[in-house]
Every structure is written in structure tokens, then in C-alpha cells.
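# Descriptive structure summary
Each chain, letter by letter, is given below.
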Amino acid sequence: MPHTVPTAPLTVATVQATPTPGDVAANAVRAADLVRQAGERGARVAVLPELFLCAYHPPTLAADPAGTDVAADPAGMVADPRLDPLRAAAREAGVTVLVGAAARHPDGRRTIAALVVDRAGAVRVGYDKQQLWGDERELFSAGDRGATLLVDDWRLGLGICYDGCFPEHGRAAALDGAHGYLCPSGYLAGSEHRRDLYYAARALDNTMFVVFSNAVGGVDPWRFNGGAAVYDPQGRVLARGADDGTAVLVATLDPAVLAATRAAHSMLADRLGDQGGPRISMSG
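Residues numbered from 1 in each chain as written. Predicted model: local features only at pLDDT ≥ 70, side-chain atom pairs only at ≥ 80, totals over all residues. Heavy atoms only, no water.

The name given to the protein in an unreviewed UniProt entry is Nitrilase, with the source organism recorded as Micromonospora arborensis.

## Topic: the overall build of the protein
In terms of helices and strands, the protein carries nine helices and 14 strands. Relative to the compact-globule value of 19 Å for 284 residues, the protein shows a C-alpha radius of gyration of 18 Å, a close match. By principal-axis analysis of the C-alpha atoms, the protein measures approximately 55 × 45 × 40 Å. Buried residues in the protein amount to 51% of all 284 residues. For the protein, long-range pairs separated by at least 24 residues make up 68% of all intrachain contacts whose partners lie at least 6 apart in sequence. Counting only carbon and sulfur atoms, one obtains 54% of the accessible surface of the protein, whose full area is about 12000 Å². Positive and negative side-chain charges in the protein, numbering 26 and 32 respectively, have mean positions lying 2 Å apart. (Helix = DSSP H or I, 4+ residues; strand = E, 2+ residues; numbered from the N terminus. Rg over C-alpha atoms; globule rule 2.2 N^0.38 Å. Buried < 20%, exposed > 50% of the residue type's maximum accessible area, 1.4 Å probe, protein only. Contact = heavy atoms within 4.5 Å. Areas by Shrake-Rupley, 256 points an atom, 1.4 Å probe, with all protein chains shown as cover. Lys, Arg positive; Asp, Glu negative; His and termini not counted. Charge placed at Lys NZ, Arg CZ, Asp CG, Glu CD.)

## Section: helix α1 (residues 24-40)
In this model α1 runs 24 Å from its N-terminal to its C-terminal C-alpha over 17 residues, within 8% of the 24 Å that 1.5 Å per residue would give. The complete set of buried residues in α1 reads Val 24, Asn 27, Ala 28, Ala 31, Ala 32, Leu 34, Val 35 and Ala 38. Buried positions along α1 lie against β1 (10-17), β2 (45-47), α3 (65-68), α4 (84-93), β4 (96-104) and β14 (247-253). (Expected span 1.5 Å × (residues − 1).)

## What about the packing of helix α6 (residues 167-175) against helix α7 (residues 192-206)?
Contact geometry for α6 and α7: axes closest at 10 Å, N-to-C directions at 45°. In this view, α6 runs oblique relative to α7, as classed from their interaxial angle. For the element pair α6 and α7, the recorded crossing hand is right-handed. The segment α6 lies against α7, with Pro 167, Gly 170, Arg 171 and Ala 174 engaging Arg 202, Asp 205 and Asn 206. (Axes fitted to C-alpha atoms, helices over the stretch in contact; angles between N-to-C directions. Parallel < 35°, antiparallel > 145°, perpendicular 65-115°, else oblique. Left-handed = near helix turned anticlockwise from the far one by under 90°.)

## Digging into the pattern of salt bridges
Under the criterion given, the structure shown has 18 salt bridges. Close ionic contact of Arg 36 with Glu 92 constitutes a salt bridge, the shortest N to O distance being 2.9 Å. Here Arg 36 is found in helix α1, whereas its partner Glu 92 is found in helix α4, with 56 residues between them in sequence. We classify Glu 92 as exposed; its relative accessible area is 59%. Between Asp 107 and Arg 109 there is a salt bridge; the shortest N-O distance is 2.9 Å. Accessibility expressed as a relative area gives 56% for Asp 107, which makes it exposed. Bridged by salt links that share partners, the residues Arg 195, Asp 196, Arg 240 and Asp 243 form one connected network. (Salt bridge = Lys/Arg side-chain N within 4 Å of Asp/Glu carboxyl O.)

## Re the packing of α1 against α4
With their axes 8 Å apart at the nearest point, α1 and α4 run at an angle of 10° to one another. In terms of orientation, α1 lies roughly parallel with respect to α4. Counting all contacts with α1, which are made through Ala 28, Val 29, Ala 31, Ala 32, Val 35, Arg 36 and Gly 39, the residues of α4 involved are Pro 85, Leu 86, Ala 88, Ala 89, Ala 90, Glu 92 and Ala 93.

## Remarks on α6
Along α6, the positions that sit buried rather than exposed are His 169, Gly 170, Ala 173 and Ala 174. Each buried residue of α6 sits inside an arc of 140° when the element is viewed along its axis, so together they form one side. Contacts made by the buried residues of α6 are with β6 (123-128), β8 (154-158), β9 (180-185), α7 and α9 (267-270). One or two positions beyond α6, positive phi appears at Gly 177, with a value near 90°. (Arc of directions from axis to C-beta.)

In C-alpha cells, the structure reads:
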């Protein structure tokens, strides 16, 4: 796909907050408040953490799948009335929302999903996490395709947490013409070095903006470390949260910065279609 750039800036918000395990209704109310805060600060897109609507708490997710999951219809639409406060907030604030949920599909698959709540309040499964981490495989099925969200004339690739640890995932988004990469996540306390490295690297690898959201707080061993951030296309921090505490962080993605970075650092244009013939081995 040709690597065009958008015509106007896009203001985004990345959120770090603490959901209540298993309480989808309460977490949707909390998400609605955070989205309104983002809208009041000029954001047109808000990204909330992985599994925020049910909380990333495996014991609860294992014990009560019926209560923690949201059901999608064959078209991927979600009609769950517990999400009505979030629908209303997206409509009233004029914000497109990406929020994590456990999704139940008509074929019985249960996935770690990024729900898209559009500015009209419609909710759909936008993307299912492809790279499952550790024991997630015991509770969820992996997604089988990437996804790009179109907002105004921005193309925003979607990833969830562990997806962003794989350079190929961000590169697939970039090759689909993505200008940015949105990653709802759940990084545990103690992972600060990796948290701050992976997503900056994905930005620089692909000369695209990256919006990283993370849960915060909770009780060990499911205690999360915040650090939500927005990175520019060279991997430099535009906004970053602390390792604790709720925060709504707002930054503006500037298409002029995107164009200048891609002109100066032309990895996407220069990359080889393959790395040549068979590798050679030699002794030294």
C-alpha cells in the first residue's frame, strides 16, 4: 500500500486505570467517565487497557465466563446493555474508543478483544489478540487476522499487549499503511524495562506513532504498572504516565512529523522483500 500521510493532526488519549475484577457494568461506567475526560481535553480517540471491561484477573475470568464476557453477533457487533454508559460517553464526547474485553463469538470462541466504540455509540469487536501470553492459552483462543481502524484519514493498526512484543505484528500494520499503532495492554509490576522498550521500538521500527495503554494497581500477582504512553515515529515519548495512579494522557499526532520522519528514516521504503538466498554458516 502507498505510504501516504493524513492531512490533519489527530489528538489521542491513552488511559491507565484500575478496573474491578468481573464487574463489567461498573467498569463500563468507569470507562465512560475516562472517555469524557479525554473528550474534554480534545481527544478524538481514546485507548483503554487490555481486558478493562472485565479486568485482567485470570481467577475471575476462569470462574465466571458468563459474567465476564461480552457476546458478539456474527457480524462482530456487541449489544450488551452493560456497555450503554460507554456508548453514551462516546456519542456525547465525539470520541472513538478502543477498550479491552473478553469476547464470546457465535462459534464458541472466547478471545481477548479490542472493542471499538464508534462516535455513534455502536460497539463491535475490532480485533482479537493474536499472540496469547502464557496461561492465556488456557482461557482464550487466538485471533487469526490483523485489523486497521480508520479514524478521519488516519490508519491505526490494532494490537493487544503481547502482540507488540513481536516486530512482525507492528510491521504488518505498517505495511497495511498504518500511521499509528494502538495497543491496549496489561503489564505487570516488575516489567517496566520491557514495557518501555517494546512500544518505543515498534514506533521506530515502522516510523509510526504508537499509543500504549496499560492497567494499573490491583493485588499481587495481578498488580499492573501503568506507564501508559504515546510515542512519536522515532520512538520518543510524547506523553507517559507514572507507574501508579489513574491517568488520562493526551497527545496530538502530527502528520508533518510523520512525513518528515519517513523522509529521513526510510526503512519502510528500503526494506528488502526477502533477505536473499539461503544463509551461509562459517567458522571463525
